[in-house]
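For reference, the chains in residue letters:
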Amino acid sequence: MNDAAQPLDRATAAEFAAWFKALADPTRIQIVSLLARRGTPMNVGEIVAAVDVVQSTVSAHLKVLAEVRFLLLEHRGTATYYRINDACVDCFPTAADIVMGRPVPAQPVPSQPASPSRGARQ
């Protein structure tokens, strides 16, 4: 039987579904876009001010995005800063191609691995 005509295995499908679900909210899209375009970590207060949504809602969205590893956390004193997990975001278009049965594009070569000494949760 042709593997291309078969569905994805259940574990892969579940992981990709979690990614798609995490992005299935306009506020989460705004947060990912903000952090990706800013390019530097931001704390909850800065994100709240930028997306004009109450803190508790932003915190809930940040939790969802961190659970699927689109965002990484950095603790600085009592504040938590959020940044884009470039490795995960780079994989996202490939996930869409895989789900749709399209040829998988070449993976980008990482420039340098993230430094775990910076306090980021990987």
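Right above here is the structure, for reference.
All of these numbers come straight from a predicted model, not from anything done at the bench. Along each chain, the written sequence defines residue order, and numbers are assigned to residues from 1. Where totals are concerned, whole chains, interfaces and linings use all residues; where local detail is concerned, this predicted model gives features only for residues with pLDDT of at least 70, and gives and counts side-chain atom pairs only at 80 or more. For side-chain calculations, the full set of non-hydrogen atoms in the structure is used, while hydrogens and water are omitted.

J.: Could you clarify how one ought to interpret the sheet that holds strand β1 (residues 42-43) in this entry?
T.: Whenever strands of a sheet pair, they do so through backbone hydrogen bonds, lying parallel or antiparallel. The strand order across the open sheet built from three strands is β1-β3-β2, with neighbouring strands paired in antiparallel fashion. Each of the sheet's edge strands pairs with one partner strand only, and the pair in question is β1 and β2 (71-76). Pairing between two strands is assigned when DSSP locates at least 2 bridges connecting them. Under the scheme used here, helices are H or I runs from DSSP no shorter than 4 residues and strands are E runs no shorter than 2 residues, and both carry numbers assigned from the N terminus.

J.: Teacher, can you tell me more about the packing of helix α3 (residues 44-51) against helix α4 (residues 55-67) here?
T.: Axis angle and axis distance: for two packed helices, these are the angle between their axes and the distance between the axes, and together they describe the pair. Axis definition: a line fit to C-alpha positions, over the contact stretch in the case of helices; interaxial angles, taken between N-to-C directions, run 0 to 180 degrees. Remark: α3 packs on α4, axes separated minimally by 9 Å, with the N-to-C direction vectors making an angle of 110 degrees. Classified by the interaxial angle, the pair formed by α3 and α4 is roughly perpendicular. In contact with Val44, Ile47, Val48 and Val51 of α3, α4 contributes Gln55, Val58, Ser59 and Leu62. Here the residues of the contact of α3 with α4 are counted per class, giving six nonpolar, two polar and no charged. Roughly parallel refers to an angle under 35 degrees, roughly antiparallel to one over 145, roughly perpendicular to one between 65 and 115, and oblique to any angle outside these ranges. By definition in these notes, contact holds between two residues if any of their heavy atoms fall within 4.5 Å. Residue type decides the class: Asp, Glu, Lys and Arg count as charged, Ala, Val, Leu, Ile, Met, Phe, Trp, Tyr, Cys and Pro as nonpolar, and the leftover types, Gly among them, as polar.

J.: Please clarify how the pattern of salt bridges should be interpreted in this entry.
T.: Any two side chains of opposite charge can pair, on the condition that their charged atoms come close. Every case where a carboxyl oxygen of Asp or Glu lies within 4 Å of a side-chain nitrogen of Lys or Arg is listed as a salt bridge. Tallying each qualifying case throughout the model produces two salt bridges. Of the charged contacts in the structure, one is a salt bridge between Glu74 and Arg76, with a shortest N-O distance of 3.2 Å. Using a 1.4 Å probe on the protein chains alone, a residue whose accessible area is under 20% of its type maximum counts as buried, one over 50% counts as exposed, and one in between counts as partly exposed. The buried category is assigned to Glu74, whose relative accessible area is 2%. Glu74 is the partner of Arg83 in a salt bridge, and the nearest nitrogen-oxygen pair spans 2.7 Å. Assigned by exposure class, Arg83 and Glu74 land together as buried. The network of salt bridges with common partners includes Glu74, Arg76 and Arg83.

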